Structure formats: structure tokens, C-alpha cells
Amino acid sequence: MKILLPVVAALAMLACPVAATAADKDPVKISGASAAKGVTTVAVGAFNVGFIFESIDQTKKTGGLMGAFGGTTKAQSELVGVTPEMMQAITDAAYADFVSHLSAQGYSVQPAADLFGHAAMARAKSQKVPLDINIALEKGSKGKATYFKPSALPSLLMIPGDFTGSGTSSMGLNMSAGQASMALSNYARQAGVGVIDVVYLIDFSEQKRPGFFSFGGGINVNSGLSVAPDFSRMTLIAPNGKQSVITVKAPVGVEGDFIEKSDASTGTEKTVQSAANVAGGFAAAAGIGLPRFGKTRKFEFAAKPGNYEEGAAKAASLANALLIGRLGALR
């Protein structure tokens with residue numbers, strides 16, 4: 001764990017920080033900014049780090065012969081080689097870094113026991129750790145993520161908006177999230193302090209979700225580590241019960257030697273798809289409505305132990321600095 005804490009120095013030669021933001025685009029979105037004004041004492045009620053292990057990204061390109069070759073394009077990606085111990089170490093390092101950033105910004109951070117031992121938290125139900133969620137990504141894409149909490153916090157809590165679940169499996173989690181939000185709000189009011197909830201989603205593939213097309217219609221899949229936009233955010237519940245929410249709107253990540261990417265599609269799969277698309281293309285040109293199968297590619301991302309943990313912790317540290325910096329400016 002110690003090797004993960006000084007990630008800035010450790011990664012100086014290993015990785016180059018990148019924030020994939022357009023010059024005219026704010027990397028965060030802030031709602032309820034006024035709620036953060038005057039809040040100087042806080043408690044951290046949740047700090048959850050999720051890791052995407054599987055994703056299916058797809059988009060559609062139609063029209064003419066090139067449309068037949070493009071068709072509905074899918075990229076099926078899988079992360080392997082990341083153990084529960086690695087994810088716990090990353091989460092603990094990210095949390096320690098977060099608390100350090102809060103203190104550096106002049107916030108007084110309450111001990112976790114003050115919050116979780118309070119009567120207001122009696123009805124807040126902890127989720128099991130690790131917590132697996134089927135998540136809905138953008139425009140038809142979906143994935144599976146596993147969430148961890150820091151060892152320093154006794155419970156894994158989520159509040160509404162921390163996740164975008166896919167299917168009926170999230171119904172129970174949604175109910176628990178509502179109860180947790182109420183409990184944290186009651187504590188904020190009764191204790192007269194702000195309560196912070198953080199959720200990060202670590203993406204391993206750096207896909208330009210919902211799909212960035214290269215020439216010819218394929219999804220561009222790269223390796224790297226980033227805190228995913230829209231699925232990563234910080235919520236401050238003020239003593240008056242109002243909320244300030246700061247959402248990451250552009251990937252915050254690092255590039256480096258963290259993951260080995262390989263094409264896991266079999267030769268047979270590629271041959272069958274190519275033959276079907278060629279036939280469909282010529283049929284479309286002749287006015288015959290044969291199916292367009294598109295291109296499906298499977299990618300395997302193998303994490304490199306040591307490097308992966310440092311890269312993920314560095315991405316989280318960059319996100320910590322970004323969000324806490326903006327929170328401090330609202331105060």
C-alpha cells in the first residue's frame with residue numbers, strides 16, 4: 001500500500017497525465033453550487049471506487065456499400081489480471097489522497113467513527129463488499145463494474161445518482177441508496193457539518209464512448225486508465241440538507257505501461273464476419289436486402305501488477321485534485 005501513496009513521484013517517469021478535454025469544455029459540471037458556501041467541516045460518508053471489467057460498446061453506421069462494411073460495430077472488451085487485493089489497495093490509496101487534499105484545502109475532516117456511530121445512521125444499510133453492478137453506458141453500451149470502499153470506512157453506501165444500473169437487479173440498490181441519502185442528510189443537519197459522498201469509475205480501455213469511429217467505421221479501442229466521465233462525481237450534503245454535486249465530464253487519466261491489450265477475436269469469427277459483410281455489401285449495391293452483420297471484435301486487457309495499481313491510483317489522485325479544487329472555490 002505504501003508504494004501507492006506517493007503516486008505523483010512514483011509515476012513521474014512511468015506515466016504522462018492526460019485530461020481529455022476540449023479547450024472550450026469545462027471538465028466538470030456543477031449543480032447546487034450555493035450549498036457548498038461556508039461549509040468548512042466535513043465528514044466522508046462514502047468513497048467508492050468502481051472498476052469496469054467488461055464492456056460491450058456498439059454504434060451503427062449505415063448507407064451504401066461502406067455502410068454494409070461498417071454495419072453495427074461492436075467492441076467486446078474484458079479486463080483480466082486484477083485481483084480483489086489490487087482493487088482494495090487502489091481504493092485505500094485514493095481515499096488517503098482524497099482526505100489529504102481536503103485538509104490541504106483547509107477543510108476540517110471528522111473521524112469516520114463520528115459519522116457512522118451516530119444515531120442518524122441507524123437505518124443506512126451497507127452494501128456487500130465488493131459490490132457488483134451491471135451498469136448502463138451510453139447509447140446501447142453496457143458493462144459490469146465492481147465497487148470497493150476504503151478500509152477506513154465501515155460501510156459501503158451509495159446515494160441516488162452514484163450509479164446507473166442496468167436491469168431489475170438495481171431495484172434493491174436504488175432503495176438502499178435512498179435510505180442512505182436520507183441518513184446522511186439527517187446527520188449533516190443534526191451534526192451541523194457537511195457530508196461528502198464520492199464515486200469513481202475506473203475505465204481500462206479508453207474507448208471514446210459511445211464509440212469513436214476511425215476511417216472505415218470501426219470503434220477505436222486503446223489501452224490506458226482513466227476516471228470515467230459522467231459516472232464519477234462528488235456530492236456535498238450541506239448542514240441545511242441541500243446538495244452541491246460536481247460531476248466529472250471529461251476523462252481524467254494517465255497513459256503508461258499499465259495494460260497489455262490483445263485482439264481476442266478468433267480467426268474463424270473474423271473470417272465469418274468478413275465474408276458476411278462482403279456478401280451484404282454487394283447485395284446492397286444490387287438492391288437486395290441481405291442482413292448486414294457488421295464487425296464485432298473482442299479485446300482482452302491484461303493488467304500488469306504494480307503498474308496497474310499505480311496508474312489507477314494516479315488517475316484517482318488527479319480526479320481528487322480536480323474535484324476538491326472546484327469544491328474549495330465554491331466555499
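In this text the structure is predicted, and so the values were computed from the model without any measurement. (Residues numbered from 1 in each chain as written. Predicted model: local features only at pLDDT ≥ 70, side-chain atom pairs only at ≥ 80, totals over all residues. Heavy atoms only, no water.)

1. Focus: the overall build of the chain
For step 1, the next point in the chain: Along the chain, the regular secondary structure elements total 7 helices and 14 strands.
For step 2, the next point in the chain: When the 331 residues of the chain are sorted by exposure, 48% land in the buried category.
For step 3, the next point in the chain: A sequence separation of at least 24 residues applies to 80% of the contacts in the chain between residues at least 6 apart. (Helix = DSSP H or I, 4+ residues; strand = E, 2+ residues; numbered from the N terminus. Buried < 20%, exposed > 50% of the residue type's maximum accessible area, 1.4 Å probe, protein only. Contact = heavy atoms within 4.5 Å.)

2. Concerning the packing of aromatic side chains
Two aromatic rings are characterised by how far apart their centres lie and by the angle between their planes.
For step 1, the next point in the chain: According to the stated counting rule, one finds 4 aromatic pairs in the structure shown.
For step 2, the next point in the chain: Consider the rings of Phe204 and Phe301, whose centres lie 4.9 Å apart with planes at 65 degrees: the pair is edge-to-face. Of this pair, Phe204 sits in the loop between β8 (194-203) and β9 (225-227) while Phe301 sits in strand β14 (residues 296-303), placing them 97 residues apart in sequence.
For step 3, the next point in the chain: By relative accessible area, which is 1% here, Phe204 ends up buried. (Phe/Tyr/Trp six-rings, centres within 6.5 Å; stacked < 30°, edge-to-face > 60°.)

3. Here's the deal with the confidence of the model for the chain
For step 1, the next point in the chain: Summing up the model confidence of the chain, the mean pLDDT is 78 and the portion of residues at 70 or higher is 69%.
For step 2, the next point in the chain: Every residue in residues 208-222 is under pLDDT 50, and counting partners more than four places away or in other chains gives 43 contacts.
For step 3, the next point in the chain: Per-residue pLDDT stays below 50 along residues 289-293; that stretch engages in 13 contacts with residues further than four places along the chain or on separate chains. (pLDDT = per-residue confidence, 0-100.)

4. A word on the environment of Thr146
For step 1, the next point in the chain: As for its placement among the helices and strands, Thr146 is situated in strand β7 (residues 142-148).
For step 2, the next point in the chain: Spatially, the C-alpha atom of Thr146 lies 9.5 Å from that of Pro84, the residues being 62 residues apart in sequence.
For step 3, the next point in the chain: Of note is the side chain of Thr146, whose polar atom sits 2.7 Å from the side chain of Asp132. (Polar contact = N/O pair within 3.5 Å; in protein donor to acceptor, adjacent residues only side chain to side chain.)

5. With respect to the nonpolar core
For step 1, the next point in the chain: Within the largest apolar cluster, 84 residues are counted, with the highest numbers of intra-cluster contacts made by Phe47 and Tyr308.
For step 2, the next point in the chain: Once residues within four sequence positions are removed from consideration, Tyr308 is found in contact with Phe51, Leu79, Val82, Met86, Ile90, Ile202, Leu225, Phe258, Ile259 and Ala303. (Core = buried A, V, L, I, M, F, W, Y, C linked by side-chain atoms within 4.5 Å.)

6. Some remarks on the environment of Gly143
For step 1, the next point in the chain: Tracing the sequence through the fold places Gly143 in strand β7.
For step 2, the next point in the chain: With 65 residues separating them in the primary sequence, Gly143 and Glu78 have C-alpha atoms 9.6 Å apart.

7. Quick look at the pattern of salt bridges
In a structure, side chains of opposite charge can pair up when their charged atoms sit close to one another.
For step 1, the next point in the chain: Enumeration according to the criterion identifies 6 salt bridges in this entry.
For step 2, the next point in the chain: The shortest N-O distance in the salt bridge between Lys304 and Asp257 comes to 2.5 Å. With Lys304 in the loop between β14 and α7 (307-330) and Asp257 in the loop between β12 (252-256) and β13 (259-263), this pair connects stretches of sequence that are 47 residues apart.
For step 3, the next point in the chain: The exposure class assigned to Asp257 is partly exposed, which follows from its relative accessible area of 40%.
For step 4, the next point in the chain: Ionic pairing is found between Glu260 and Lys304, a salt bridge with its closest N-O pair at 3.6 Å. Here Lys304 lies in the loop between β14 and α7 and Glu260 lies in strand β13, a separation of 44 residues in the sequence. (Salt bridge = Lys/Arg side-chain N within 4 Å of Asp/Glu carboxyl O.)

8. So, the side chain of Ser244
For step 1, the next point in the chain: Relative to the helices and strands, Ser244 resides in strand β11 (residues 243-248).
For step 2, the next point in the chain: A polar side-chain atom of Ser244 sits 2.5 Å from the main-chain carbonyl oxygen of Gly32.
For step 3, the next point in the chain: Within the local environment of Ser244, its side chain forms a polar contact with the backbone nitrogen of Ala36, the two atoms lying 3.1 Å apart.
For step 4, the next point in the chain: Ignoring sequence-local partners within four residues, the contact set of Ser244 consists of Ser31, Gly32, Ala33, Ala35, Ala36, Met234, Thr235 and Leu236.

9. Regarding the environment of Ile30
For step 1, the next point in the chain: Among the structural elements, Ile30 can be located in strand β2 (residues 28-31).
For step 2, the next point in the chain: A relative accessible area of 29% means that Ile30 is categorised as partly exposed.
For step 3, the next point in the chain: Each C-alpha atom of the pair Ile30 and Thr247 lies 6.5 Å from the other, and the pair is 217 residues apart in sequence.
For step 4, the next point in the chain: Filtering out sequence-adjacent residues up to four positions away, Ile30 remains in contact with Val245, Ile246, Arg326 and Leu330.

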